[in-house]
Amino acid sequence: MLHRIAPFEDKLSPNEAMKVSPEFLESFITQALDLNFHFISLDRLYEGLVHNDLPEYFICFTIDDGYKDNLTFGYPIFAKYNIPFCIYICTSFPESSHNMWWFALEDYLLKHDHISYHNTKYDISTKALKEEMFLAIRAEIITHINDYESCKQTLENLGISYNPRDYDNLTLSWEDIHFLHTQKPQNTLGGGRQLCTIGCHTHSHPIFNNLSNDGIIKDIVKSQKLFEQKLHFTPTHFAYPFGSRIEVSPKHFSLIQNLGFTTATTTRHGTIYPQHAKHIHALPRVFFNENFMLESAFKIRKKRIVTA
C-alpha cells in the first residue's frame, strides 16, 4: 500500500511519511525481480484466490487517493519493468472538489513559530514542535472529517484560511487517469489487461463508521457515476478510506460487495493467503515506505489470516 511516489522535501514528517522516493521504489522492484518474486495485478490476485493458484511469493502494488506524482514519478518506473499496479481514485481529486486540509495545516505551521490553539499560545519554533502540533490538530480534525464545514471551521479558528484550489496541482486529472487506464502491459505475466488498474476509493474519502449505510452508498455511487461519465467504465476494485478496524466494520464488507466490487482492500496490516478467498472484500495490505525491507515482508502475519 502506497500513497505518494515523489522526492522528499524539507516538510513535516506526518505528510512526508506518506511518500516513497522514486529511487527507493525502483531499487525495491529490481531487488524483488532478482529474487524471482511475481508482480501481479489485482485481477490476477482475485482470480488466484478464487481458483487457488496464486504464486507462492507475489507482490501486488496498490496506491491510494490519486496523486499526480503517481503518474510523473511512479508510472515511468512501473512501465520500465512492466510492473502492474493499481491506483484507487478519490473522485473528488480530479473533480477539484477535495479538501486537502493536511497540506494547508502543514504549510501554515511551517511558516509560523507560534500558534494559538484552544485559547493557549504554543511555541512551535522547531520542526519537532511543529510536528507535535500537526498531530494534535489532525486528531481533532479527524473526529469530524466527514463534515467539510467543520474541518474548515477548525482551521479558521486557528487563523488558517486557504483555497483548496492551491493544491489542485497535486492530483491526477481525468485526462491523466484516462492515460493510465489505457496503458497496456508488455506481456501478460502480471495477469492484467491494463498496466495500471483504476480502482475506486469513494468520492470524498469519508470514515465509514461515522456514516449511515445510505450515506456511504450515496458517496460511492457518486464516484461510480463520475467514472462512467468521464471515462466510460466503472472500477471493479475498491479500497476503504481509513480502512482500519476503527473506521470500517464487517457490516461494510457485504455493502461493498453488493455495490458490484470484485475485491476490496483495507489498511489492516497483513499479507495475503489462500484462505482470503473467503474474505475477498476485507483484504489486508502492508504499508510500503522508505524503510521497507523485503526480507521481512512475509514475517508480518505468519499463519494468521487478517480480516475483520
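Just so you know, these numbers come straight off a predicted model, no measurement behind them.

### Quick notes on helix H9 (residues 213-231)
No. 1: Taking 1.5 Å as the rise per residue, H9 with 19 residues should run 27 Å; its terminal C-alpha atoms sit 27 Å apart, in good agreement.
No. 2: Listing the buried residues of H9 in full gives Ile216, Asp219, Ile220, Ser223, Gln224, Leu226, Phe227 and Leu231. For H9, the buried positions fall inside an angular range of 155° around the axis, keeping them on one side. Exposed positions of H9 whose direction lies more than 90 degrees from the buried face are Asp214, Lys218, Lys225 and Gln229.
No. 3: Tucked into the core, H9 has its buried residues touching strand S6 (85-89), helix H8 (174-182), strand S9 (196-200), strand S10 (237-239) and helix H10 (251-258).
No. 4: Looking one or two residues past H9, histidine 232 carries a phi angle of roughly 65°, positive in sign.

### So, the nonpolar core
No. 1: Grouped together as the largest cluster of nonpolar side chains are 50 residues, with contacts concentrated most on Phe61, Phe85 and Ile256.
No. 2: If you list the elements that add at least two residues to this core, you get helix H2 (22-34), strand S5 (61-65), helix H4 (69-80), S6, H8, S9, H9 and H10.
No. 3: Leave out the neighbours within four places in its chain, and phenylalanine 61 touches Leu2, Leu25, Phe28, Ile29, Phe39, Phe78, Ile83, Pro84, Phe85, Cys86 and Phe288.
No. 4: Listed in part, the 19 residues of the second largest apolar core include Leu109, Ile115, Leu155 and Ile160.

### Regarding the side chain of lysine 19
No. 1: In this fold, lysine 19 is placed in strand S2 (residues 19-20).
No. 2: Among the polar contacts listed, one links the side chain of lysine 19 to the side chain of glutamate 9, at a separation of 3.0 Å.
No. 3: If near-sequence neighbours (up to four positions away) are discounted, lysine 19 is found in contact with Arg4, Ala6, Pro7, Phe8 and Glu9.

### Here's the deal with the packing of aromatic side chains
No. 1: On inspection of all chains with the given rule, the structure shows 25 aromatic pairs.
No. 2: Geometrically, the ring pair formed by phenylalanine 208 and phenylalanine 238 is tilted, given 6.3 Å between the ring centres and 35° between the ring planes. Highlighted residues: phenylalanine 208 in the loop between S9 and H9 and phenylalanine 238 in strand S10, separated in sequence by 30 residues. Of the two residues examined, phenylalanine 208 and phenylalanine 238, each falls in the buried class.
No. 3: Through pairs of rings, three or more aromatic residues link up here, namely Phe24, Phe28, Phe39, Phe61, Phe78, Phe85, Phe288 and Phe292.
No. 4: Directly above the ring of tyrosine 67 sits arginine 4, whose terminal nitrogen or CZ lies 5.2 Å from the centroid.

How each quantity is defined
By convention here, each chain's residues receive numbers from 1 onward along its written sequence. For this predicted model, a pLDDT threshold of at least 70 governs which residues receive local features, and a threshold of 80 or more governs which side-chain atom pairs are given and counted, while totals over whole chains, interfaces and linings are taken from all residues. With hydrogens and water set aside, each side-chain value is computed from the structure's full complement of heavy atoms. Here a helix means four or more residues in a row that DSSP labels H or I, a strand means two or more in a row labelled E, and each is numbered from the N terminus. To estimate how far a helix should reach, multiply one less than its number of residues by 1.5 Å. With a 1.4 Å probe rolled over the protein chains alone, any residue whose accessible area is under 20% of its type maximum counts as buried; one over 50% counts as exposed, and the rest are partly exposed. Here the arc refers to the directions that run from the helix axis out to each C-beta atom. By definition, residues are in contact when any of their heavy atoms lie within 4.5 Å. Here, the term nonpolar core denotes a set of buried Ala, Val, Leu, Ile, Met, Phe, Trp, Tyr and Cys residues that are joined through side-chain atoms within 4.5 Å. Here a polar contact means two N or O atoms within 3.5 Å. Within protein one must be a hydrogen donor candidate and the other an acceptor candidate, and residues neighboring in sequence count only if both atoms are side-chain atoms. For Phe, Tyr and Trp, where Trp contributes only its six-membered ring, two rings pair if their centres lie within 6.5 Å, and the inter-plane angle classes them as stacked under 30 degrees, edge-to-face over 60, or tilted in between. Distance and angle both matter: a charge sits over a ring if NZ of Lys or CZ of Arg is within 6 Å of the ring centre and within 35 degrees of the ring normal.

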